[in-house]
Each structure stands twice: as C-alpha cells, then as structure tokens.
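Residue strings, one per chain:
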Amino acid sequence: MSYRIGLVGKPSVGKSTFFNAATMNDVPEGAYPFTTIDPTVGEAYVRVDCAAPEFDETCTPSVGVCREGTRFVPVKLVDVAGLVPGAHEGRGLGNQFLTDLNETDVLIHVVDFSGKTDIEGEATEGHDPRDDIDFLEEELDAWYLDVLEKGLEKFETRYHGADAAIEEELADQMSAFGIDKDRMKRVILAEGLELDPETWDETDRIELAREIRKRTKPMVIAANKMDTPEAQANWAEITTDPDYDHLSFVPTSAHAEKALKNADDAGVVDYTPGDDAFEVVGDVSGEQKAGLDQIGEFVDEYDGTGVQGALEAAVFDVLGCIAVFPGSANGSKDEKGVFRDCFILPEGSTTEDFAYHIHSDIGEGLLHGTDCRSGRQVGTDNELSHRDVIELVSTKQAAP
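Per chain, residues are indexed from 1 in the order of the written sequence. Local features in a predicted model are, by the rule used here, given only for residues with pLDDT of at least 70; side-chain atom pairs are given and counted only at 80 or more, and totals for whole chains, interfaces and linings are based on all residues. Excluding hydrogens and water, the side-chain values take into account all heavy atoms of the structure.

Q: Just checking my understanding: could you explain the overall build of the chain for this structure?
A: Runs of E in the DSSP output that reach at least two residues are strands. Runs of H or I that reach at least four are helices, and both are numbered from the N terminus. Within the chain one finds twelve helices and 16 strands. Classification of residues uses two cut-offs on accessible area relative to the type maximum, computed with a 1.4 Å probe and protein chains only: under 20% is buried, over 50% is exposed, and between them is partly exposed. Here the chain holds 400 residues, and 50% of them are scored as buried. Any two residues whose heavy atoms approach within 4.5 Å at even a single point are treated as in contact. Considering only contacts in the chain between residues 6 or more positions apart, those separated by 24 or more positions represent 67%. Residue-level accessible areas treat just the shown protein chains as cover; the underlying method is Shrake-Rupley with a 1.4 Å probe. Surface exposure of the chain reaches about 18,400 Å², of which carbon and sulfur atoms provide 43%.

Here is the structure:
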C-alpha cells in the first residue's frame, strides 16, 4: 500500500505543474479553473538512503529506482480539483472535491507566494498568500464542523438523559476521517473539554472540529514561485508569523523542477531529483544557459527546487513515517532479490506491523524478527526505526 498525498491549490498557482514535475505525467496546465476536473493519480517518489551499500551489496529494486545510493520509493500523488471558496457548501466541485481530498493521507497545498493570483485564481498584484492558506483551512474546518454537528445531533437524539460515551458517537460519525473512539477521546480532553457535549459552547465545537482536522488531515505548504522576489519577501513575513506555526513550509519552484527533469531527459543536464545542484553536460544556447544559470542560483539558495522536499516533508516530517527494508540473516537479500523492497510504514510500527504489512500470512505465523545490522533477535512488539533492515521469521510464507 502506497501513501496517498493529496495535492490541492486554487487555479493558476502551479498545482498541475507541480504534479507534472513530481510525476512527469502529462496533465493539462492552464490559468483557468478546473484545469484538472477529475482527480489524477500519479506515481511520485520519496528518497531514502539505501541500506545496500552498508552490506557491500548493489540493490535490485522491485519498484522505484536507486541512484548512487539513494532509493526512490513510490508514493501516490493525487491532483485534486475543485478548490474554491465555498466548496463545503457545494460551490465548484463541492462535495466531490472533499470526498477526493478525504481519500488521501496528507495534503500538500500549493500556494502562489508571489501574490500574483487572487483568491479565485485570477491574475493580480499584491495578493497576500495568507488568504489562500486561511481559506483552505477554513473550508476544511467548516466541513469537519458540519460532520461533527451531525454527530452531536444524533447523540442528543439517541442518548438524551442516558449514560453514553460521546467519543463513541462522534468517532462513528467521523470515521471517514480515520479517527477512532480512543483518539477522539484524547482530542476532546486535549482541548480541555469535558466528555459532556452539553457543556460545550459554539467556540468549543469550532475549535474541536479544527483540532480533529489538523490531526487527521495534516498539511504541508508548498510555497511556489519562490524564484521571484515578491515570493521571497512574502516568505520572510509569513514563515515568521506565529499564526502559522502549526504548518510546515517548503520553498518551491515547480517550474524549475520540471525544467531540470526535461533537460535531464534530453541529456542536457545531469540532475537527480531533490539535489541542490546539477551539471550541464550537453550543448545549450545562450538563452538556455541563462535560464539554467538562474535555476542553478535558486536551487543553490534553497537546497533544491522544493518539489522533492515537499513530498518528503509530507511523508516523513508531517506523517512521521519510516522506511524499512526486509532482509535475511546476513542483511543483504531475500529469496526475491538483493534489497528488492523498501516499505513506508507509519510511525511507531512494530515488527508485527511490518510482517502484516508485507502479507497477512507472514503476520499470522510471525515468531520474531532479526535486526540484520546487529544480528540481534527482536520481538514482535519491537518498535522499528527509520531504515531498519529486518528479517522476519515466520511459520508461514506469503501466499503466491
């Protein structure tokens, strides 16, 4: 199972360019609403330092690629259409937008930090990117609040005067957001609320809905068009604004990333996605050289174009995921190949979780794991770390 990153943004901010740069898919790009009408799913990649060199091996990836010791592990990138003010009320693509959004694990919100597109995506000057950040969060908060209110209404109707657990009713109502009763209870108590909705006022309900949204639909801001002076000025102001401390920001130029990948494919430059430098290896015109020089200054200043960085911030920083390699007792290979697989798992995953992730049969018969670096046996409840290499010892094999 690949993690699904939802890519959102108003028209004309470079969302489709970001998607194309990350996946090199041919998705229409244009400065008008709903350039992407249906959600487009592509394969993007996050980087992991390959474990193979530590075992004097050369990996043979079953999916993705490995370039000079950097493993590119696939994730799903979903280009979600329909972000306009009022989406939660049905405006634009409305409910379809929210449904598509909810089928993702984490969001990357592409924002035009140059301020040259207004809230509707029309060309302008001096627009404050904070308005774009705010309106997406407000749309999502309103959506969550609508669902929360329905849960409260059901609770009052069914259990008025009875001894019932509000966290169970709300978790059932909001289960589509991936929250269970235990997590719901923790959120309610973390907000300083009693487990009695009769003691909540309107502000309490709004803040609770917002906190549930922040925990179940985390977000990275891809500050796009950062190769412009206007965007750089906005970056300095917005990223120091304490109102946005809850968000992760990545300076981005989707245009630069796509240009570099196209040039690499054409043999003009040698570029590995995510690197903070590239080498010109082919013949270029004076105009092309000037353009590449400008891109070079940007990636040097910001440690890359930001496209790869935004994907990895979403998966590893915001979601807290880890990458784990299956291995054998000598750490190098399984029956299918040399370091053939690398899996992205949730933070806190155990040896048993890893086994079930690979196949239910392996999980059901799991005896223990072996840390292939140390040779130490680890229990089924052992919590895994990023880049662990684990052999799974099971009484069962995966079904063919």
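There's plenty left to go through after this.
Q: How should I be thinking about the pattern of salt bridges in this particular structure?
A: Note that side chains of opposite charge can pair when their charged atoms are close. What counts as a salt bridge is simple: a side-chain nitrogen of Lys or Arg found within 4 Å of a carboxyl oxygen of Asp or Glu. All told, the structure shown has 22 salt bridges when counted by the stated rule. Linking Lys-15 and Asp-79 is a salt bridge whose minimum nitrogen-to-oxygen distance equals 2.4 Å. Of this pair, Lys-15 sits in helix H1 (residues 15-23) while Asp-79 sits in strand E4 (residues 70-79), and the two are 64 residues apart along the sequence. Look at Lys-15 and you get buried, because its relative accessible area is 8%. For Asp-79, a relative accessible area of 0% corresponds to the buried category. Overlapping salt bridges bring together Asp-128, Arg-130, Glu-237 and Asp-241 as one network.

Q: Would you mind going over the pairing of strand E14 (residues 366-371) with me for this structure?
A: E14 sits mainly inside the fold: five of its six residues count as buried. What makes two strands pair is DSSP finding at least two bridges between them. Note that E14 and strand E16 (residues 388-394) share five bridges and pair antiparallel. Bridging from a neighbouring strand, Gly-369 pairs with Leu-392 of E16. Note: E14 against strand E15 (residues 377-378), two bridges, orientation antiparallel. Within E15, the position partnered with Gly-369 by the bridge is Val-378. Connecting E14 to the next strand, E15, in antiparallel fashion are five residues, including Gly-375 with a positive phi near 75 degrees.

Q: Help me out: how do you make sense of the side chain of Asn-102 in this one?
A: Looking at the element boundaries, Asn-102 is found in helix H2 (residues 94-102). By relative accessible area, which is 16% here, Asn-102 ends up buried. Nitrogen and oxygen atoms within 3.5 Å of one another constitute a polar contact, given that in protein one can donate a hydrogen and the other can accept it, and given that sequence-neighbouring residues count only through two side-chain atoms. For Asn-102, the side chain forms a polar contact with the main-chain oxygen of Ala-176, separated by 2.8 Å. Not counting chain neighbours up to four residues away, the residues in contact with Asn-102 comprise Trp-143, Ala-176, Phe-177 and Lys-217.

Q: Where do I start with helix H9 (residues 286-302) in this structure?
A: Side chains of residues three or four places apart in an α-helix project in the same direction, reflecting 3.6 residues per turn. Multiplying 1.5 Å by the residue count of a helix minus one yields the expected span of that helix. The terminal C-alpha atoms of H9, which comprises 17 residues, lie 25 Å apart, in line with the 24 Å expected from a rise of 1.5 Å per residue. Every buried residue belonging to H9 is among Leu-292, Ile-295, Phe-298 and Val-299, and all of these are buried. Seen from one end, H9 has its buried residues packed into an arc of 120 degrees, which puts them on one side. Residues of H9 that are exposed and point over 90 degrees away from its buried face: Gly-286, Gln-294, Glu-297, Asp-300 and Glu-301. Asp-303, located one to two residues past H9, shows a positive phi value of around 60 degrees. The reported arc concerns the directions from the helix axis to the C-beta atoms and nothing else.

Q: So what exactly am I meant to see when it comes to the nonpolar core here?
A: Soluble globular proteins tend to bury their nonpolar side chains together. Core analysis: the biggest nonpolar cluster contains 54 residues, and Phe-113, Met-174 and Phe-249 have the highest contact counts within it. Ranked by the residues each element gives to this core, the list is headed by helix H3 (residues 129-159), at ten residues. Viewed by domain, this core spans two of them, domain 1 (2-46 + 74-127 + 217-315) and domain 2 (135-213), each represented by three or more residues. In contact with Met-174, not counting residues within four places along its chain, are Tyr-144, Val-147, Leu-148, Ile-179, Met-184 and Ile-212. The nonpolar core is taken to be a set of buried Ala, Val, Leu, Ile, Met, Phe, Trp, Tyr and Cys residues, with the residues joined through side-chain atoms within 4.5 Å. If you look at the next biggest cluster of nonpolar residues, it comprises 41 residues, including Phe-18, Leu-77, Ile-108 and Val-389. All the domain ranges listed were derived from an automatic or database domain assignment.

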